[in-house]
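Coordinates in review
So you can see what is in the structure, the chains are spelled out below.
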Amino acid sequence: MKRLQRAFSLLAASLITICLYAQEMTPVVHTWDKNDHHAANHIWSAACAEDGVMYFGNAMGLLSFDSREWQIHPIKGGGIIRSTLCDNGRIYVGSFEEFGYYEKDECQQLIYTSLSGRLSGFT
């Protein structure tokens, strides 16, 4: 009987230790709303660049967040950006009848380059 009590006590202590450790690993979650980023309500897509900056497709353009500041980067024609993809320093975006990519210039400002016009027969 004492052996069973000892085994149960050891199991209980182990489970308590695991539960307490798991509590320390709980990630911090923060919810942002429209008043934080001053863009449209709906986020269509999200992508994370190699430098940790997050990019979001939004009705007002490409929305970027570097953990301190939100910025809006409009797309040619003012369309809704519905898709985003980060790859090798470029942020590819897709909109209605428009797609291209943003890339940082020497001043770290995002510059948009349209790829839509390079396709023959694209409307």
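Below, the structure is looked at part by part. Quick caveat, the model's predicted, so the values are computed rather than measured. (Residues numbered from 1 in each chain as written. Predicted model: local features only at pLDDT ≥ 70, side-chain atom pairs only at ≥ 80, totals over all residues. Heavy atoms only, no water.)

Observations regarding unusual backbone geometry
Positioned with a positive phi, serine 67 is a non-glycine residue whose angle comes to about 85°. Within the secondary structure layout, serine 67 lies in the loop between strand S3 (61–65) and strand S4 (70–73). (Helix = DSSP H or I, 4+ residues; strand = E, 2+ residues; numbered from the N terminus.)

Looking at the sheet that holds strand S8 (residues 110–114)
Taken in spatial order, the 4 strands of this open sheet run S5-S6-S7-S8, and their pairing is antiparallel. Strands with a single pairing partner mark the edges of an open sheet, and in this sheet they are strand S5 (83–87) and S8. Sheet twist, expressed as the average angle between the axes of neighbouring strands with direction ignored, equals 25°. Strand direction decides the pairing type here: strand S6 (residues 90–95) and strand S7 (residues 98–104), joined by 6 bridges, are antiparallel. Bridging from a neighbouring strand, serine 95 pairs with glutamate 98 of S7. (Pairing = 2+ DSSP bridges. Axes fitted to C-alpha atoms, helices over the stretch in contact; angles between N-to-C directions.)

Focus on the pairing of strand S2 (residues 54–58)
The element S2 is largely enclosed, with a buried count of 4 among its 5 residues. Bridge count between strand S1 (residues 43–48) and S2: 5 bridges; the pairing is antiparallel. Residue cysteine 48 lies in a different strand from S2, and its bridge partner there is methionine 54. What sits between the antiparallel neighbours S1 and S2 is a turn of 5 residues, in which glycine 52 has the positive phi angle 90°. In this structure, S2 lies alongside S3, joined through 5 bridges in antiparallel fashion. In the sheet register, tyrosine 55 faces S3, and the bridge partner there is serine 64. Joining the antiparallel neighbours S2 and S3 is a turn of 2 residues. (Buried < 20%, exposed > 50% of the residue type's maximum accessible area, 1.4 Å probe, protein only.)

Things to note about the packing of aromatic side chains
Taken as a whole and assessed by the stated rule, the structure comprises 4 aromatic pairs. With centroids separated by 4.3 Å and ring planes inclined at 25°, the aromatic side chains of phenylalanine 65 and tryptophan 70 adopt a geometry described as stacked. There is no split in this pair, since phenylalanine 65 and tryptophan 70 are both buried. An angle of 55° between the planes, with centres 5.6 Å apart, marks the rings of tyrosine 92 and tyrosine 101 as tilted. A relative accessible area of 26% means that tyrosine 92 is categorised as partly exposed. Taken together, the aromatic side chains of Phe56, Phe65 and Trp70 make up a single cluster linked through ring pairs. (Phe/Tyr/Trp six-rings, centres within 6.5 Å; stacked < 30°, edge-to-face > 60°.)

Describing the sheet that holds S1
With antiparallel pairing, 4 strands are arranged side by side in an open sheet as S1-S2-S3-S4. The open sheet terminates on both sides in strands that have one partner only, identified here as S1 and S4. Adjacent strand axes in the sheet meet at a mean angle of 25°, parallel and antiparallel pairs treated alike.

Points about the environment of glycine 117
Relative to the elements of secondary structure, glycine 117 occurs in the segment after S8. Here glycine 117 falls in the exposed class, since its relative accessible area comes to 71%. Along the sequence, glycine 117 and glutamate 98 sit 19 residues apart, while their C-alpha atoms lie 8.4 Å from each other.

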